[in-house]
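Each chain, letter by letter, is given below.
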Amino acid sequence: AGHYGFINTQGNYIIPAIYDYAEPFVEGFAKVWISGKALIINIKGEEQTQFKKYSFVGDFKEGLAVVRYKGKQGLVDREGKEILEPIYMEI
């Protein structure tokens with residue numbers, strides 16, 4: 001199994017290939033997995049700790065993402081501020 005990282009348009013690594021799996025960047029964030037742990041990173045490769053408490057963070061669309069916390073869903077902005085508190089049941 002290979003490792004995942006991110007390259008620029010010249011083919012140079014901008015984020016090293018250290019991840020077990022990685023999804024593409026969406027609105028400046030990417031979901032990555034390392035040693036079974038899911039993280040969200042920015043385009044500098046920095047972990048975005050404001051999302052750590054959530055069991056799931058969806059892709060951002062127009063600056064908002066669906067999050068899951070203790071089985072309930074809500075919405076957060078790019079800074080992790082809860083726009084809609086996670087009180088809604090999953091559908």
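Rules and cut-offs
Residues numbered from 1 in each chain as written. Predicted model: local features only at pLDDT ≥ 70, side-chain atom pairs only at ≥ 80, totals over all residues. Heavy atoms only, no water. Pairing = 2+ DSSP bridges. Helix = DSSP H or I, 4+ residues; strand = E, 2+ residues; numbered from the N terminus. Core = buried A, V, L, I, M, F, W, Y, C linked by side-chain atoms within 4.5 Å. Buried < 20%, exposed > 50% of the residue type's maximum accessible area, 1.4 Å probe, protein only. Contact = heavy atoms within 4.5 Å.

Participant: I'm lost on the pairing of strand 2 (residues 13-19) in this one. Help?
Facilitator: Regular strands have side chains that alternate between both faces of the sheet. In terms of strand pairing, strand 1 (residues 4-7) meets strand 2 through three bridges, oriented antiparallel. Residue Tyr 4 lies in a different strand from strand 2, and its bridge partner there is Tyr 19.

Participant: Teacher, can you tell me more about the sheet that holds strand 3 (residues 21-22) here?
Facilitator: Strand pairing in a sheet relies on backbone hydrogen bonds. The paired strands run either parallel or antiparallel. Taken in spatial order, the three strands of this open sheet run 3-4-5, and their pairing is antiparallel. Bordering the open sheet on either side are strand 3 and strand 5 (37-42), each of which pairs with just one other strand. The pairing of strand 3 with strand 4 (residues 29-34) spans two bridges and is antiparallel. Looking at the pairing, Tyr 21 lines up with Trp 33 of strand 4.

Participant: Please explain the nonpolar core as it appears in this structure.
Facilitator: Nonpolar side chains in soluble globular proteins tend to be buried together. Counting residues in hydrophobic clusters, the biggest one holds nine residues: Phe 29, Ile 40, Phe 51, Tyr 54, Val 57, Phe 60, Ala 65, Val 67 and Val 76. For Ile 40, the contacting residues outside a window of four places in its chain are Phe 29, Ala 30, Lys 31, Glu 46, Glu 47, Gln 48, Phe 51 and Val 57.

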